[in-house]
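Coordinate inspection notes
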Amino acid sequence: MSLTATSFDWVRQLVHRESAIVLQPGKEYLVEARLLPMAQQRGLSGVSELVEAVRNRPDPATTRRIVEALTTNETSWFRDGDPFTSLTGTVLPQLVAARRPDERLQIWSAACSSGQEAYTIAMLLSDALPNAATRVSITATDLSRAMVERTRAGRFSQLEVNRGLPASMLVRHFTRAGNEWEISPTLRRMITASECNLAAPLPRLGPFDVVYLRNVLIYFDLPTKQAILGRVRQLMRPDGWLFLGAAETTLGVDENWERVVLGRGSAYRPRKGA
Amino acid sequence: MRALVIDDSRAMRRIVGTILKDFGYEVREAGDGRQALDVLEEGWTPDLCCIDWNMPVMDGLQFVFAVRANPALRQVTLMMVTTESETGQIVKALAAGAHEYLIKPFTADALRDKLALLGLLPEQVTA
Amino acid sequence: MTTSQQAQPISTLLDPATVQAIADEVWPSLVGDGEAFVPVPVAPPAAVVSAWVDIVGPWTGSVVLTCSPATAQALTENVLMTRPPTVVDDEDVADALGELANVLGGNIKSVLPGESRLGLPRIGTAPPRGRLDDVCALVGQWRGNFLTITVQGTAPHPSGTEVPQ
C-alpha cells in the first residue's frame, strides 16, 4: 500500500516539469500525505494506485490536481512579476485611452486556483484607477469547485499572505479574521468567481480586454492547447491582451496570435484578420 | 551581496542565514539591535537586514529607527522577520522605515518571494 | 485585589481549533516540511521540560510548550536541520524550543483582542496556572511523542498583586 519508488519518481518528475519545484528524495511521506485523500476520493486504495491510474489513462485534470496538492502554499501573489508590472505599466493606459469612460474593463483570471492572481489584479487596479470598483470587473474561473469557493471567500492563511504579497498591500487591503486574513469587501466585489473547464466548450463570458491563462497549457497535449487558445480568443476583444506562464507560448501552437515583448516578459494579442 | 541577520534566537539566525547563503549572500549575524549597530559601525554595510522584533537590549523597531536616522545607511534595505503579526505592528514598522515584513513562521520560498519583491535576489541584481 | 482577575478568561477568547491551526502552520515551516503537531494524546513522560513566552495586555498569561527532554532534543535537531555526527547542546535546545514557543505565542497574541506585548522566551519548569477556566490546552503528540501547547492565565500572586514580568 505504501508508495513505490517508481511512483514517487513519476510524481517527482511531474512536479518538477510542471512547477519547477524539486521534491527531494525523502519526501515520500509528503507525497503520501498530500495525495492519499485524492486517491481515496477516487475509490483507490493508495497513492501508488492513483499514480498507476493516471499513467495508464492520462488525464490533465487529475494531473493538475496532483501538482496543486503538492505545491499548496506555493502560490505567490506577484508570481513572475512581469505580467503584473506590464498590466499597470503598458496595458492599462492603452485600454483606458481606447475605451469609453463608461465601458467596463473586463479581465479574466482563467485558472484562478485560490484567488491570488485575481486579487493581485484587483489590488493593482484599485491603486491605479480612482474608480476601479465601477470601472473594472474581474472574472475568476477554475476547474475545481473548492478553488472557486476559496476565491469567493477571499480568506488566506498567514503562510499564503507571506508568499510575495508586499506588506504595504497586506495592511491596506486585508483585515485579520482570527488567524487568517480577509480581503476587503470592495476588492471582493470586483471579482466574480465561477467553475469553468477550459478543455471543454466555454460558457458565454467576456468579451475580455485582458486574459491571464498562466501555467495551464503545459498540462495539455498540442491539439487541446490549440483548442483552448482558439476558444479563449473567441472571448477576447480584438485589441485584447493574453498573458501566459513564463514557460508557455503560442509560438508553434496557434499562429493566430502576435507576440509582444513587454519589459522582461511577453504578452500575446489576437492577430488581425485571423 | 551582504545580509545582516538580527535575531536573539540562534536557531532562527541559522535558518535565515542558511537560506540567504544558498542565494549567494555573505551573511553576518547579530543577537540584538545593539550588536547589529556595532557591526554597521565597523563599516560592514549590508544590502539587507533581516530584523526580529522582540529582542533583549535593543529591539528591532528601535534598530530600524536608529538605521533610518543615519543618512549614510540610506541604501540598506530593512526587512522585519518576526512573529509580531497584527496589522498595527506591521504599519508601525513600515512607518518607521522598514521596507518589507515577513511573518514567522515562513518557508524558504516565502523569504525568496520577499527578496524578489525587493529586487534583492542576486540574479536580479546581476541581470 | 482584583488585579489578577482577567476581564475575560482565555476560554472565551481562543478556541483549541485556532491554536491547532496555528500549530499546523508552525510545524511545517519550523520543524520541517510534512511535520505536524497531532492532537491525539499519548501517555505523558516521567520528566518534562517547558518553553514559554508571556503575553501582557487585556489578557495576561503564557503560551507554554511542554514535552520530554528527549523530544525537545529531537525537535531541536529538526529545527536546526542537524545531521549526525553533529549534536545539539543544551543551549541549542533552550534556543530552538524557545523560538517555537515564541512563534506560537506571537501568532496566538495576534488573534487576541486589543494590544498586547510579547515577552522573550524562557525555558524550564512551566509557570503555575491561574484560574481553572483561564486555560486553553492542546494535548497531543509529535511523531508519537507527548507534547502539549497550553495557553494559560497568570496565577494570582499570594500578595494579591501581579507576578512581576
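All values reported here derive from a predicted model rather than from experimental measurement. (Residues numbered from 1 in each chain as written. Chains lettered and ligands numbered in written order. Predicted model: local features only at pLDDT ≥ 70, side-chain atom pairs only at ≥ 80, totals over all residues.)

1. Considering the overall build of chain B
- When helices and strands are counted, chain B shows 6 helices and 5 strands.
- The secondary structure elements of chain B, listed N-terminal to C-terminal, are β-α-β-α-β-α-β-α-β-α-α.
- Here chain B has a C-alpha radius of gyration of 13 Å; the compact-globule value for 127 residues is 14 Å, and the two agree.
- Overall, the C-alpha framework of chain B stretches about 35 × 35 × 25 Å when taken along its three principal axes.
- When each of the 127 residues of chain B is scored for burial, the buried share is 52%.
- Intrachain contacts of chain B at a sequence separation of at least 6 include 58% that bridge at least 24 residues. (Helix = DSSP H or I, 4+ residues; strand = E, 2+ residues; numbered from the N terminus. Rg over C-alpha atoms; globule rule 2.2 N^0.38 Å. Buried ≥ 20, exposed ≤ 12 C-beta atoms within 10 Å, placed from the backbone. Contact = placed C-beta atoms within 7 Å.)

2. Considering the interface of chain C and chain B
- Tallying the contact residues gives 18 residues for chain C and 17 residues for chain B.
- Tallied by class, residues from the side of chain C that touches chain B come to 8 nonpolar, 6 polar and 4 charged. (Nonpolar A, V, L, I, M, F, W, Y, C, P; charged D, E, K, R; others polar.)

3. Topic: the interface of chain C and chain A
- Taken together, the contact between chain C and chain A spans 9 residues of the former and 9 residues of the latter.
- Within the residue set of the side of chain C that touches chain A, elements represented by two or more residues are helix 1 (16-31) and helix 3 (90-111) of chain C.
- Among the elements that make up the side of chain C that touches chain A, the one with the highest residue count is helix 1 of chain C (4 residues).
- For the side of chain C that touches chain A, the class distribution of residues is 3 nonpolar, 4 polar and 2 charged.

4. Here we look at unusual backbone geometry
- The amide bond that connects glycine 206 of chain A to the next residue, proline 207 of chain A, takes the cis arrangement and shows omega of 5 degrees.
- Along the chain, proline 207 of chain A falls in the loop between strand 6 (191-195) and strand 7 (208-213).
- At the junction of lysine 104 of chain B and proline 105 of chain B, the peptide bond is cis and its omega measures out at 5 degrees in the coordinates.
- Within the secondary structure, proline 105 of chain B sits in the loop between strand 5 (100-103) and helix 5 (108-118).
- Phi is positive for serine 113 of chain A, which is not a glycine, with a value near 55 degrees.
- Position of serine 113 of chain A relative to the elements: it lies in the loop between strand 1 (105-109) and helix 6 (116-128).
- We classify serine 113 of chain A as buried; it has 23 C-beta atoms within 10 Å.
- Despite not being glycine, asparagine 215 of chain A has its phi angle at roughly 60 degrees, a positive value.
- Relative to the assigned elements, asparagine 215 of chain A resides in the loop between strand 7 and helix 12 (222-234).
- Residue classification places asparagine 215 of chain A among the buried residues on the basis of 21 C-beta atoms within 10 Å.

5. Describing the sheet that holds strand 1 (residues 2-6) of chain B
Residues and elements named next belong to chain B.
- The 5 strands are arranged 2-1-3-4-5 in an open sheet whose pairing can be described as parallel. Only two strands of the sheet have a single partner each, and these edge strands are strand 2 (26-30) and strand 5. Neighbouring strand axes in the sheet, compared pairwise and without regard to direction, differ in orientation by 20 degrees on average.
- Here strand 4 (residues 77-82) pairs with strand 5 via 4 bridges, running parallel. Bridge assignment links threonine 82 to a residue of strand 5, and that residue is isoleucine 103. (Pairing = 2+ DSSP bridges. Axes fitted to C-alpha atoms, helices over the stretch in contact; angles between N-to-C directions.)

6. Looking at the packing of helix 2 (residues 28-41) of chain A against helix 4 (residues 60-70) of chain A
All names here are of chain A.
- The geometry of helix 2 relative to helix 4 is characterised by a closest axis approach of 9 Å and an angle of 140 degrees between their N-to-C directions. The angle between helix 2 and helix 4 places the two elements in the oblique class. Judged by the sense of rotation from one axis to the other, the crossing of helix 2 with helix 4 is right-handed. On helix 4, the residues touching Val31, Arg34, Leu35 and Met38 of helix 2 are Arg65, Ile66, Ala69 and Leu70. (Parallel < 35°, antiparallel > 145°, perpendicular 65-115°, else oblique. Left-handed = near helix turned anticlockwise from the far one by under 90°.)

7. Digging into the nonpolar core
- Counting 136 residues, the largest nonpolar core has Met79 of chain B together with Leu100 and Leu104 of chain C as its most contacted members.
- Ranked by the residues each element gives to this core, the list is headed by helix 3 of chain C, at 10 residues.
- Not counting residues within four places of it along the chain, the set of residues in contact with methionine 79 of chain B comprises Leu48, Cys49, Cys50, Ile51, Ala98, His99, Glu100, Tyr101, Leu102 and Lys114 of chain B. (Core = buried A, V, L, I, M, F, W, Y, C linked by C-beta atoms within 7 Å.)

8. Here we look at the pairing of strand 2 (residues 136-142) of chain A
All names here are of chain A.
- Counting buried positions along strand 2 yields 6 of 7 residues, so the element is predominantly enclosed.
- Bridge count between strand 2 and strand 6: 5 bridges; the pairing is parallel. Bridge pairing in strand 6 places alanine 140 opposite alanine 193.

9. Looking at the confidence of the model for chain C
All names here are of chain C.
- On average, residues of chain C carry a pLDDT of 89, and 91% of them reach 70 or more.
- Confidence, read as mean pLDDT per element, is least for helix 1 in chain C (92) and greatest for strand 2 (residues 61-67) (98).
- Among the prediction metrics, the complex's ipTM stands at 0.94, with pTM recorded as 0.85. (pLDDT = per-residue confidence, 0-100.)

10. Focus on the sheet that holds strand 4 (residues 174-177) of chain A
All names here are of chain A.
- If you walk across this open sheet you meet the 3 strands as 3-5-4, and the pairing is antiparallel. The open sheet is flanked by strand 3 (155-157) and strand 4, the only strands paired with a single partner. In this sheet, adjacent strand axes meet at a mean angle of 35 degrees when their direction is disregarded.
- As defined by bridge partners, strand 3 adjoins strand 5 (residues 180-183) across 3 bridges and the pair is classed as antiparallel. In the strand pairing of strand 5, serine 157 is matched with glutamate 180.

11. What to know about the environment of glutamate 99 of chain C
- Along the chain, glutamate 99 of chain C falls in helix 3.
- Expressed as a C-alpha distance, the spacing of glutamate 99 of chain C and proline 127 of chain C, which sit 28 residues apart in the sequence, is 18 Å.
- Ignoring any residue separated from it by four or fewer positions in sequence, one finds glutamate 99 of chain C in contact with Ser9, Ala11 and Met12 of chain B together with Pro121 of chain C.

12. Looking at the packing of helix 1 (residues 10-22) of chain B against helix 3 of chain C
- Relative to each other, helix 1 of chain B and helix 3 of chain C sit at 80 degrees, their axes nearing to 7 Å. By the criterion of interaxial angle, the relationship of helix 1 of chain B to helix 3 of chain C is roughly perpendicular. For the pair helix 1 of chain B and helix 3 of chain C, the contacting residues are Arg10, Ala11 and Met12 of chain B in the first and Asp95, Ala96 and Glu99 of chain C in the second.
- For the contact of helix 1 of chain B with helix 3 of chain C, the class distribution of residues is 3 nonpolar, no polar and 3 charged.

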